[in-house]
Amino acid sequence: MPSYTVTVATGSQWFAGTDDYIYLSLVGSAGCSEKHLLDKPFYNDFERGAVDSYDVTVDEELGEIQLVRIEKRKYWLHDDWYLKYVTLKTPSGDYIEFPCYRWIAGEGEIIVLRDGRAKLARDDQIHILKQHRRKELETRQKQYRWMEWNPGFPLSIDAKCHKDLPRDIQFDSEKGVDFVLNYSKAMENLFINRFMHMFQSSWSDFADFEKIFVKISNTISERVMKRWQEDDMFGYQFLNGCNPVLIRRCTQLPEKLPVTTEMVECSLERELSLEQEVQQGNIFIVDFELLDGIDANKTDPCTLQFLAAPICLLYKNLANKIVPIAIQLNQTPGEENPIFLPSDAKYDWLLAKIWVRSSDFHVHQTITHLLRTHLVSEVFGIALYRQLPAVHPMFKLLVAHVRFTIAINTKAREQLICEYGLFDKANATGGGGHVQMVQRAMQDLTYASLCFPEAIKARGMDSKEDIPYYFYRDDGLLVWEAIKTFTAEVVDIYYESDQVVEEDQELQDFVKDVYVYGMRGRKASGFPKALKSREKLSEYLTVVIFTASAQHAAVNFGQYDWCSWIPNAPPTMRAPPPTAKGVVTIEHIVDTLPDRGRSCWHLGAVWALSQFQENELFLGMYPEEHFIEKPVKEAMARFRKNLEVIVSTIAERNKNKKLPYYYLSPDRIPNSVAI
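Note that the structure is predicted; figures quoted are calculated from it, not measured.

This brings us to the overall build of the protein chain. The secondary structure content of the protein chain amounts to 20 helices and 16 strands. Radius of gyration (C-alpha) of the protein chain: 28 Å, near the 26 Å computed for a compact globule of 675 residues. When its C-alpha atoms are laid out on the principal axes, the protein chain stretches across 95 × 55 × 45 Å. When burial is assessed residue by residue, the protein chain has 59% of its 675 residues classed as buried. Counting only contacts in the protein chain whose residues sit at least 6 apart along the sequence, the fraction spanning at least 24 positions is 75%. Element-wise, carbon and sulfur atoms account for 50% of the exposed surface of the protein chain, whose accessible area totals about 27800 Å². Averaging the locations of the 77 positively and 93 negatively charged side chains of the protein chain gives two centres separated by 0 Å.

On to the packing of helix α4 (residues 231-240) against helix α7 (residues 346-387). In contact at an axis separation of 12 Å, α4 and α7 are set at 15° when each is read in the N-to-C sense. Relative to α7, α4 is oriented roughly parallel. Classified by chirality, the crossing of α7 by α4 is left-handed. Residues Asp231, Phe234, Gln237 and Phe238 of α4 form the contact with α7, whose participating residues are Trp349, Lys353, Val356, Arg357 and Asp360. Among the residues forming the contact of α4 with α7, the class breakdown is 4 nonpolar, 1 polar and 4 charged.

As a further point, take the sheet that holds strand β15 (residues 322-328). Here 5 strands make up an open sheet; going across it, the order is β12-β13-β14-β15-β16 and the pairing antiparallel. Since the sheet does not close on itself, it has two edges, and those belong to β12 (248-249) and β16 (339-340), each with one partner. Where α4 meets the sheet, it contacts β13 (283-287), β14 (311-316) and β15, and its direction lies at approximately 95° from that of β15.

What follows concerns the sheet that holds strand β8 (residues 95-104). The 4 strands are arranged β5-β1-β7-β8 in an open sheet whose pairing can be described as antiparallel. Both edges of this open sheet fall to β5 (51-57) and β8, since each of them pairs with a single strand only. Adjacent strand axes in the sheet meet at a mean angle of 20° when their direction is disregarded. As paired elements, strand β1 (residues 3-10) and strand β7 (residues 81-89) share 6 bridges and run antiparallel to each other. Each residue of the ladder has a partner; that of Thr7, found in β7, is Thr87.

Before going further, it helps to spend a moment on the UniProt feature "binding site: Ca(2+) 2" (unreviewed entry) in the protein chain. The sites that UniProt annotates as "binding site: Ca(2+) 2" (unreviewed entry) are Asp39. Residue classification places Asp39 among the partly exposed positions, given a relative accessible area of 45%. The contacts of Asp39, once residues within four sequence positions are left out, are Asp45 and Tyr54.

Rules and cut-offs
Residues numbered from 1 in each chain as written. Predicted model: local features only at pLDDT ≥ 70, side-chain atom pairs only at ≥ 80, totals over all residues. Heavy atoms only, no water. Helix = DSSP H or I, 4+ residues; strand = E, 2+ residues; numbered from the N terminus. Rg over C-alpha atoms; globule rule 2.2 N^0.38 Å. Buried < 20%, exposed > 50% of the residue type's maximum accessible area, 1.4 Å probe, protein only. Contact = heavy atoms within 4.5 Å. Areas by Shrake-Rupley, 256 points an atom, 1.4 Å probe, with all protein chains shown as cover. Lys, Arg positive; Asp, Glu negative; His and termini not counted. Charge placed at Lys NZ, Arg CZ, Asp CG, Glu CD. Axes fitted to C-alpha atoms, helices over the stretch in contact; angles between N-to-C directions. Parallel < 35°, antiparallel > 145°, perpendicular 65-115°, else oblique. Left-handed = near helix turned anticlockwise from the far one by under 90°. Nonpolar A, V, L, I, M, F, W, Y, C, P; charged D, E, K, R; others polar. Pairing = 2+ DSSP bridges. UniProt positions renumbered as here; feature names shortened; annotations may be inferred.

Printed below as a string of structure tokens:
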């Protein structure tokens, strides 16, 4: 009688093991086996992290093994089990791998596994395999349903809270991503919890903010605290701070900013007029038009909160530094909306810059971070689970890059950005303003803007010679190219021609789902409805991976560095923008900045958001072996090598730099949006 050796690997995360009864049956080309209980006498099977082997004897020849069925039956209490993989040693001595990497949760739940070879639908000619493929997608489409959380938003997962999600995409431990708990813990760790309930209580001066500022020597945050008032530090942040995506080369001065050469001539160093400086490419602009008319937070009747929609003009000086030369705090020019200049009184100019920094914070949090990394990656994740079966090579490639993304976003909708959520506590765009911002920004969310090289070029920021200190651009391009080379290699392994791409219906359904539901079918988004070539598929995969990994890392993990010194990134302002010059005092600025309570909530938030997850997986790490084929494993090894070269290049560049830029170093880029 034929005998098989079955090896079963249990996950090593918390609560992965089980005491339930586990049954296995084999489905082969010549027949099916009986159900076998996997159990060794006097042995605790399927413990967390265990790899257990069993001999399974069958009555007759089964032929080529096509499927493995795993069934879980309750022993005592409800007990989930995380199955990593099953390996089968056949009677002829061959080994067959069956990757799983899933939770088996319900009583009597049956999981049917295929061997680890990646297959397109056209490769499956056997009826039972075609049927398995179809059933898997039918089941997933019932579990992963689209829902509109707010009108005009990209659609999200249909789940009210974290525990409503399919078990496979939940966090291992929900406590680890409890925002209320994490923010409170952060405030405790930073020794600032004594201030956290002191709403409406102003700080006495800038130095007073140091009471909640944790000085960590020789770090970016300490440098920001010391130099935040300097113009070159202000300008530098548009290149390499938390939000390095707004600055663009100014090709024509906007009519709504009536600035003249006379106003700014003391800032211009080349003895040229302002118009000539524009023509030479030395003038840059950041326009916060998106904030115009957005409702400020009214959730606390005791504190009035305010927003502005500034326009900031910047200049590349002879030292190649970017510095501000003119700031108008609202969009419509007029007597009560003066253009503030470096030549104005010290506190007039300082407050104008603070308003710009505050506006930048709002756009960063809600658009650059929330919409353009979190929500977009969730769209890719839902479409992936709905349209690509686990055996599809593109599912195997992308699944690591949507890990915990749907879960973190669900948790955010539950606690953070919901009505009366944590976002309302300290942010001037809380109470609904953040929702209005996303609805507006959806109009500018295009596929081209997610293609990193195109996005840089569209802003006129691509010349390394003209703009030498734009490290976000330099490092981002290196990482983009490494990902694109890798995806192109994987695509070439499974798609021998453009025609195979075009005829892959599952792939086309995935792309269509993203366009129809994620982008709401907006033609202007430029998102493809279909992919017709290997090159376009490789670019699309690069967009998915880069957005989830590098782009999110660039705009998320520097939040404590750049936003912990409150005057440099105020989450709210408690007085309206000044309407005249010569009236601002230090007292007025301090009374405008956030109160003690809001400052503490803000600090707790940026600290918590800047921390890596426990057991973080960084770019190039694929511990779950969904792929078993040698060519793909070799492509992964080359990808890791390329990333290591980038790590060394960035480390060399950062040597002896007082302001190192490391957010896009691959050893600091998590694989997915999970915080």
